[in-house]
Amino acid sequence: MISVVSTVENLPRDAESPSDNMFTRFKNMFSRDLLVTLALGQVLSLLICAIGLTNKYLVDDFHANTPVFQSFLNYILLFLVYTTTLAVRQGEGNLLAILKQRWWKYMILGFIDIEANYLILKAYQYTTLSSVQLLDCFVIPVVLLLSWFFLLVRYKAVHILGTLLCLLGIGCMVGADVLLGRQQGLGEQKLFGDLLVLGGATLFGISNICEEFIVKNMSRVEFLGMMGLFGSFFCGIQLAIMEHKELLKVRWDWQLGLLYVGFSVFMFSLYSLMPLVMKRTSATSVNLSLLTADLYSLFCGLFLFHYKFSCLYLLSFFIIILGLVVYSSASPYMVQDPRVYKQFRNTFNQSARDPPQHSHRVMEPSVTYTSLDLESGEESSLRVI
């Protein structure tokens, strides 16, 4: 028999007056937590902008077409910092204990992560900048669908509206590129380049969903440590197979070395900060925030590369920020609280050690719909018993 019980700890929503409801929505839209979330998202966008600028200098000025080697340097830094941290830990958080339980899962995730980076960087050789900017947004519907089916996140109409506004902002930016004639990089195999972008965006969506689940249910250091271990392993193999000849062609000097160091530091900072932001928000919110990275690159290009300016760029920026505010004004709901996973894991480990207890009653699992807004005091739950 299934019974549905709905509980709300604070005042019932039916008892709230329209003015109180509007005041609450306005307060949520401009809360301190929202401002901090927006600021952290823009820090990630600035890091991506810095990564793009250093990569442009490497390719255009030094003709260093080494995307795998650049990723390899980042994974080595992750290995030195986070994998060694796991190695000296004690208990279940130790490197050997994690590898014994979940090594094959992190091996697949590490391979997906490095191939996502490689496909996006490789696509610039075949398609236009506008196509990459537009098709890279495919990661957002991928993250939305994967969150719905695997993380059991349930969105509201306000989240769909915020997402559409962000995509509209990207559309304005691409429209400005077309009007200004910024179509550099068009190759004979444009369709192949577009497919590379779609493939990379899909892999990034899978990687981000796995990252969100790991940092919210296990630990940030575990995720980064495993990425450093398996990422450096697979990236080293791919580097030896695909880019060893390109490295021999590179003319090394202190300026080139400085660019490689800068790229690695920016990429390492991005990987280190993203789990913190994702734990505070979600993979969907992070990817919406990263839409402004292309705009920051364009603004920098106005001074460094003498790009033409268009008012559509400013309009695009404000529309994306508005979309982020609208999306963050309400919290999505989850069918199951992520903390239930920890309880399940602890219960499973305990049941493996303790002898089974005989019982005449079969316990059925319960499903709880819980608000993702852990900061607020209001919590709604829908329990199926």
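What you are looking at is a predicted structure, and each value in this text was computed from that prediction instead of being measured.

Quick notes on the rules
Residues numbered from 1 in each chain as written. Predicted model: local features only at pLDDT ≥ 70, side-chain atom pairs only at ≥ 80, totals over all residues. Heavy atoms only, no water. Helix = DSSP H or I, 4+ residues; strand = E, 2+ residues; numbered from the N terminus. Expected span 1.5 Å × (residues − 1). Bend = angle between axes of the 7 residues up to and from the residue. Polar contact = N/O pair within 3.5 Å; in protein donor to acceptor, adjacent residues only side chain to side chain. 1 Å grid on protein atoms, 1.4 Å probe; cavity = no way out; pocket = protein on both sides within 12 Å on 5 of 7 lines; lining within 4 Å. Points joined across faces, edges and corners; volume = space filled by probe spheres on them. Buried < 20%, exposed > 50% of the residue type's maximum accessible area, 1.4 Å probe, protein only. Phe/Tyr/Trp six-rings, centres within 6.5 Å; stacked < 30°, edge-to-face > 60°. Contact = heavy atoms within 4.5 Å. Salt bridge = Lys/Arg side-chain N within 4 Å of Asp/Glu carboxyl O. pLDDT = per-residue confidence, 0-100. Core = buried A, V, L, I, M, F, W, Y, C linked by side-chain atoms within 4.5 Å.

1. Considerations on helix H4 (residues 95–123)
Between its first and last C-alpha atoms H4 spans 35 Å; for 29 residues at 1.5 Å apiece the expected length is 42 Å, and the helix comes up short by more than 12%. In the structure, H4 departs most strongly from a straight axis at arginine 102, where the bend amounts to approximately 85 degrees. Residue asparagine 94 occupies the N-cap position of H4, its side-chain oxygen lying 2.9 Å from the main-chain nitrogen of leucine 96.

2. Some words on empty space enclosed by the protein
Scanning the entire structure with this criterion turns up 2 cavities of 30 Å³ or more. Put simply, the largest cavity is a space of about 50 Å³. Lining the largest cavity are 10 residues, with Ser147, Val153, Tyr155, Glu212 and Ser282 sitting closest to its centre. Taken as a whole, the second largest cavity encloses approximately 40 Å³ of empty space. In terms of lining residues, the second largest cavity is bounded by Pro67, Val68, Ser71, Ile114, Asn117, Tyr118, Cys235 and Gln238. Elements with a contribution of two residues or more to the lining of the second largest cavity: helix H3 (67–87), H4 and helix H9 (220–242).

3. Considerations on helix H14 (residues 311–328)
Over its 18 residues, H14 extends 26 Å from the first C-alpha to the last, a length consistent with the 26 Å expected when each residue adds 1.5 Å. Every buried residue of H14 is listed here: Tyr313, Ser316, Phe317, Ile319, Ile320, Gly323, Leu324, Val325, Val326 and Tyr327.

4. A look at the packing of aromatic side chains
Scanning the entire structure with this criterion turns up 9 aromatic pairs. Each ring, one from tyrosine 75 and one from tyrosine 271, has its centre 6.1 Å from the other, and the planes form 75 degrees; the classification is edge-to-face. Linking tyrosine 75 in helix H3 with tyrosine 271 in helix H11 (residues 254–280), this pair joins segments that are 196 residues apart in sequence. The two residues tyrosine 75 and tyrosine 271 agree in class, both being buried. Ring centres of phenylalanine 111 and phenylalanine 234 lie 5.7 Å apart, and the angle between their planes is 75 degrees; on these two criteria the pair is classed as edge-to-face. Residue phenylalanine 111 is located in helix H4, and its partner phenylalanine 234 is located in helix H9; the two are separated by 123 residues in the primary sequence. Taking relative accessible area as the criterion, phenylalanine 111 reaches 41% and is therefore assigned partly exposed.

5. Considerations on the side chain of glutamate 243
Residue placement: glutamate 243 occurs in the loop between H9 and helix H10 (244–249). Apart from residues no more than four positions distant in its own chain, glutamate 243 is found in contact with Asn65, Thr66, Pro67, Val68, Phe69 and Gln238.

6. Focus: the side chain of serine 316
By secondary structure assignment, the location of serine 316 is in helix H14. Apart from the residues within four sequence positions on either side, serine 316 is in contact with Gly169, Ile170, Cys172, Met173 and Leu295.

7. What to know about the environment of phenylalanine 79
Relative to the elements of secondary structure, phenylalanine 79 occurs in helix H3. In the structure, phenylalanine 79 is positioned 145 residues away from leucine 224 in sequence and 8.1 Å away in space, judged by C-alpha atoms. Setting aside its immediate chain neighbours within four residues, phenylalanine 79 contacts Thr84, Gly228, Leu229 and Ser232.

8. Regarding the pattern of salt bridges
Two side chains bearing opposite charge may form a pair once their charged atoms approach each other closely. For the structure shown, the criterion picks out 2 salt bridges. Arginine 102 is the partner of glutamate 222 in a salt bridge, and the nearest nitrogen-oxygen pair spans 2.9 Å. Here glutamate 222 is found in helix H9, whereas its partner arginine 102 is found in helix H4, with 120 residues between them in sequence. Exposure remark for glutamate 222: the relative accessible area of 6% places this residue in the buried category. For arginine 102, a relative accessible area of 9% corresponds to the buried category. Residue glutamate 212 pairs with lysine 216 through a salt bridge whose shortest N-O separation is 3.1 Å.

9. As for the confidence of the model for the chain
When pLDDT drops low, the exact placement of atoms in the prediction is not to be read closely. When pLDDT is averaged along the chain, the result is 78, and 75% of the positions lie at 70 or above. Taken as a whole, residues 1–16 scores under 50 in pLDDT and shows 27 contacts with residues more than four places along the chain or in a different chain. Under a pLDDT of 50 for its full length, residues 338–385 has, in the predicted model, 72 contacts with residues more than four places off or in other chains.

10. Here we look at the nonpolar core
Grouped together as the largest cluster of nonpolar side chains are 85 residues, with contacts concentrated most on Leu44, Leu78, Tyr106, Leu291 and Leu295. With 12 residues, the top contributor of residues to this core is H11. For leucine 78, the residues in contact, after removing those within four places along its chain, are Thr83, Leu224, Met227, Gly228, Phe268 and Tyr271.

11. Topic: unusual backbone geometry
Positive phi, close to 55 degrees, is recorded for histidine 63, a residue that is not glycine. Secondary-structure assignment places histidine 63 in the loop between helix H2 (32–60) and H3. A positive phi angle is found at leucine 152, which is not glycine, with a value near 60 degrees. Here leucine 152 lies in the loop between helix H6 (139–149) and strand E2 (153–154). Owing to a relative accessible area of 25%, leucine 152 belongs among the partly exposed residues under this scheme.

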